[in-house]
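# Descriptive analysis of the structure
These are the residues of each chain, in order.
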Amino acid sequence: MAVKSFEAWDYVVFAGLFVISSGIGVFFAIKERKKATSREFLVGGRQMSFGPVALSLTASFMSAVTVLGTPAEVYRFGASFFLFIISYAFVVFFTSELFLPVFYRSGITSTYEYLQLRFNKPVRYAATVIYIVQTVLYTGVVVYAPALALNQVTGFDLWASVFATGIVCTFYCSLGGLKAVVWTDAFQMVVMIVGFLTVLIQGSSHAGGFHNVLEQARNGSRLNVVDFDVDPLRRHTFWTITVGGTFTWLGIYGVNQSTIQRCISCKTEKHAKLALYCNLLGLWLIAVCAIFCGLIMYSNFKDCDPWTSGAISAPDQLMPYFVMEIFATMPGLPGLFVACAFSGTLSTVAASINALATVTFEDFVKSCFPHLSDKKSTWISKGLCLLFGILCTSMAVVASFMGSVVQGALGGLLTGITLSFWVAIGAFVYPAPESKTLPLPLSTELCAPSNITTTVGPQLSSRPPLADTWYSLSYLYYSAVGFLGCIIAGLIISLVTGRQRGKDIDPLLIRPVCNLFCFWSKKYKTLCWCGVQHDQETEEDYLDSGSTWKQGAESALQNGFKQESLAQIPDYNSKDKNYSNSAQKTTHF
């Protein structure tokens with residue numbers, strides 16, 4: 001593969017991304033130096049407005065894997081990715097209306113604190129450890145994989161980009177805390193959009209215009225979006241994307257520490273909800289840009305596929321290769337695209353480091369040392385950011401040696417994880433047959449002759465019976481499998497060991513789904529509450545109240561919401577299970 005090199009202007013543009021990102025961290029370190037509390041550092045003092053939080057949410061979950069992977073996916077399998085617009089809408093709606101109110105009103109900082117309030121400490125600690133391990137592994141791959149793809153196509157130094165990413169993210173996370181992360185993400189979101197737009201404009205021009213792009217995509221079957229086949233083994237259908245995609249993204253948005261942490265940093269619940277809904281527009285915009293980049297790539301390479309011809313060695317190199325082709329005579333613009341890709345990486349890594357530091361501090365440090373001073377808490381939080389920055393960067397190095405890129409509650413958790421890992425590892429070892437993934441045809445008819453030798457990987461002599469069924473399950477259903485396994489195992493174990501009565505559950509910890517679907521009938525809503533004593537007051541007053549309630553809620557959280565502790569909380573009536581002052585009365589559902 002002929003590697004095209006960056007020019008001086010490309011490096012200047014790319015370096016500008018890192019300099020500005022670091023500058024934002026320094027700015028907030030200086031600006032917030034007098035507010036030396038862990039609350040300010042980890043959740044921005046819970047005074048953020050919805051605008052920057054919305055941009056931050058979009059940027060951090062649209063990583064470089066999205067920037068490089070989605071266009072390649074559309075190039076190979078078609079524009080069925082458009083259906084993710086539906087699943088994104090479901091995910092944001094459920095997160096905003098079901099998950100966010102519970103987390104926001106309970107006054108927690110770590111999402112896993114909820115598990116202790118609802119179940120017990122072992123469940124909380126198990127979930128926290130799993131989250132830390134998974135996030136460190138994921139972040140390492142997020143750093144390494146895009147850097148490798150860009151290195152092999154553009155000649156951009158692999159390890160320089162890996163270590164620069166780790167150092168810069170650790171630097172501004174450790175200095176400026178959540179506010180630096182949020183505002184840096186907002187800047188990086190703008191860079192991502194500008195990078196995509198330059199590729200869309202130049203790429204469509206290179207292909208003879210946007211109309212020509214659509215015509216050639218239609219002729220190549222890339223615009224066959226909707227397929228209502230209910231087969232769960234098919235890679236992308238209407239059902240796998242809308243149903244499976246919703247479950248997958250709910251795990252990312254609904255209960256993910258990184259998302260919830262930024263939502264609860266908002267000054268009121270209304271701002272938090274607005275951040276989520278505005279973020280939905282950002283998700284749609286990024287998705288549409290990535291999809292059309294994939295269609296434009298196909299229009300340009302329809303007669304000479306660089307992957308099949310051996311010009312590149314992996315699909316995730318398609319986008320960088322395409323960029324180097326269309327911007328060959330425009331110094332600086334390839335650097336802008338690389339800045340676009342690394343904006344996704346920086347935002348994801350920074351959000352992960354901040355979230356890891358938060359759960360570690362809240363779930364372990366504060367549990368062991370509950371009376372730390374504000375100054376010590378802040379320094380420990382900064383030290384944790386530094387520690388996880390080093391761990392995530394080290395994991396990127398490790399990734400280079402890898403291959404391709406309560407009893408009921410605890411039992412359910414382990415069952416769900418086991419099932420998810422089982423099907424995912426089985427699919428990795430025994431990939432689904434093409435009859436299920438249905439890759440679209442690619443052509444090398446007009447490629448120039450080359451001396452590149454295509455190597456064929458080792459073929460497994462036989463496939464077990466599960467290879468074409470269980471292991472061929474669409475990857476979008478992995479989260480649904482884990483979810484159902486957790487719920488079913490948890491219910492069975494709870495029935496065997498003794499179920500909990502609804503009236504004994506604090507209503508603050510339950511968000512009744514039936515309220516969304518039985519809103520017209522008080523009778524049916526009450527029936528579906530299963531004995532949980534939900535307050536039926538309206539929520540409008542609460543959404544704008546915010547800070548007064550949060551101070552009381554945090555005090556209550558420190559007492560664990562345990563029955564023996566509730567009587568000690570100021571203004572709390574343990575007999576009636578409610579608060580006597582007006583600020584607290586508005587907290588129930």
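Look up a bit, the structure's there.
Cut-offs applied
- Residues numbered from 1 in each chain as written.
- Predicted model: local features only at pLDDT ≥ 70, side-chain atom pairs only at ≥ 80, totals over all residues.
- Heavy atoms only, no water.
- Phe/Tyr/Trp six-rings, centres within 6.5 Å; stacked < 30°, edge-to-face > 60°.
- Helix = DSSP H or I, 4+ residues; strand = E, 2+ residues; numbered from the N terminus.
- Buried < 20%, exposed > 50% of the residue type's maximum accessible area, 1.4 Å probe, protein only.
- Lys NZ or Arg CZ within 6 Å of the ring centre and 35° of its normal.
- Contact = heavy atoms within 4.5 Å.
- Axes fitted to C-alpha atoms, helices over the stretch in contact; angles between N-to-C directions.
- Parallel < 35°, antiparallel > 145°, perpendicular 65-115°, else oblique.
- Nonpolar A, V, L, I, M, F, W, Y, C, P; charged D, E, K, R; others polar.
- Left-handed = near helix turned anticlockwise from the far one by under 90°.
- Polar contact = N/O pair within 3.5 Å; in protein donor to acceptor, adjacent residues only side chain to side chain.
- Core = buried A, V, L, I, M, F, W, Y, C linked by side-chain atoms within 4.5 Å.
- Arc of directions from axis to C-beta.

## Comments concerning the packing of aromatic side chains
Each aromatic ring pair is summarised here by two numbers: the centre-to-centre distance and the angle between the ring planes. With the rule as written, the count across this model stands at 22 aromatic pairs. With a centroid separation of 5.8 Å and an interplanar angle of 75 degrees, the aromatic rings of phenylalanine 82 and phenylalanine 292 are classed as edge-to-face. On the criterion of sequence distance, the pair formed by phenylalanine 82 in the loop between helix H4 (64-77) and helix H5 (84-105) and phenylalanine 292 in helix H12 (residues 269-301) is long-range, its members being 210 residues apart. Judged by its relative accessible area of 23%, phenylalanine 82 is partly exposed. Members of the aromatic cluster, joined through ring pairs, are Phe81, Phe84, Tyr88, Trp249 and Tyr253. The cationic tip of lysine 382 hangs over the ring face of tryptophan 379; the distance from NZ or CZ to the ring centre is 5.3 Å.

## Some thoughts on the environment of alanine 59
Counting through the fold element by element, alanine 59 comes out in helix H3 (residues 50-61). You can call alanine 59 buried: its relative accessible area is 0%. Put simply, alanine 59 and threonine 345 are 286 residues apart on the chain and 9.0 Å apart in space, counted from C-alpha to C-alpha. In this view, alanine 59 contacts Asp185, Met189, Met192, Gly344, Ser347 and Thr348; residues no more than four positions away in its chain are not counted.

## Considering the packing of H4 against helix H14 (residues 333-368)
Two elements in contact, H4 and H14, have axes separated by 5 Å at closest approach and are oriented at 120 degrees. On the basis of the axis angle, H4 is oblique to H14. Here Ala64, Val67 and Leu68 of H4 come into contact with H14, specifically with Phe337, Cys340, Ala341, Gly344 and Thr345. In terms of residue class, the contact of H4 with H14 is made up of six nonpolar, two polar and no charged.

## Brief notes about the environment of phenylalanine 301
Within the secondary structure, phenylalanine 301 sits in helix H12. Residue classification places phenylalanine 301 among the buried positions, given a relative accessible area of 9%. In the structure, phenylalanine 301 is positioned 226 residues away from tyrosine 75 in sequence and 9.4 Å away in space, judged by C-alpha atoms.

## Observations regarding the packing of H3 against H12
It is at 8 Å that the axes of H3 and H12 come closest, and there the two elements cross at 40 degrees. As judged from the angle between their axes, H3 and H12 are oblique. Remark: the crossing between H3 and H12 carries right-handed chirality. Side by side, H3 and H12 meet where Phe50, Val53, Ala54, Leu57 and Thr58 of the first sit next to His271, Leu274, Ala275, Leu276, Cys278, Asn279, Gly282, Leu283 and Ile286 of the second. Across the contact of H3 with H12, the residue classes break down as 10 nonpolar, four polar and no charged.

## Regarding the side chain of serine 347
For serine 347, the location among the structural elements is in helix H14. By relative accessible area, which is 0% here, serine 347 ends up buried. At a separation of 3.0 Å, a polar atom in the side chain of serine 347 contacts the main-chain carbonyl oxygen of glycine 344. Aside from chain neighbours lying at most four places away, what touches serine 347 is Ala59, Ser60, Asp185 and Gln188.

## Section: the nonpolar core
Grouped together as the largest cluster of nonpolar side chains are 129 residues, with contacts concentrated most on Phe196 and Val199. When residues of this core are assigned to their parent elements, the largest contribution, 17 residues, is made by H12. Not counting the four nearest positions on each side in its chain, valine 199 is found in contact with Ser204, Cys293, Met319, Phe322, Val323, Ile326, Phe327 and Phe337. Listed in part, the five residues of the second largest apolar core include Leu473, Tyr477, Ala480 and Val481.

## A look at helix H9 (residues 210-219)
Considered for burial, the residues of H9 that qualify are Val213, Gln216 and Ala217. Buried residues in H9, looked at end-on, bunch into an arc of 100 degrees, giving them a common side. The exposed set on the far side of H9, more than 90 degrees from its buried face, consists of His211 and Asn219. Looking at the residues trailing H9, positive phi occurs at serine 221, about 65 degrees.

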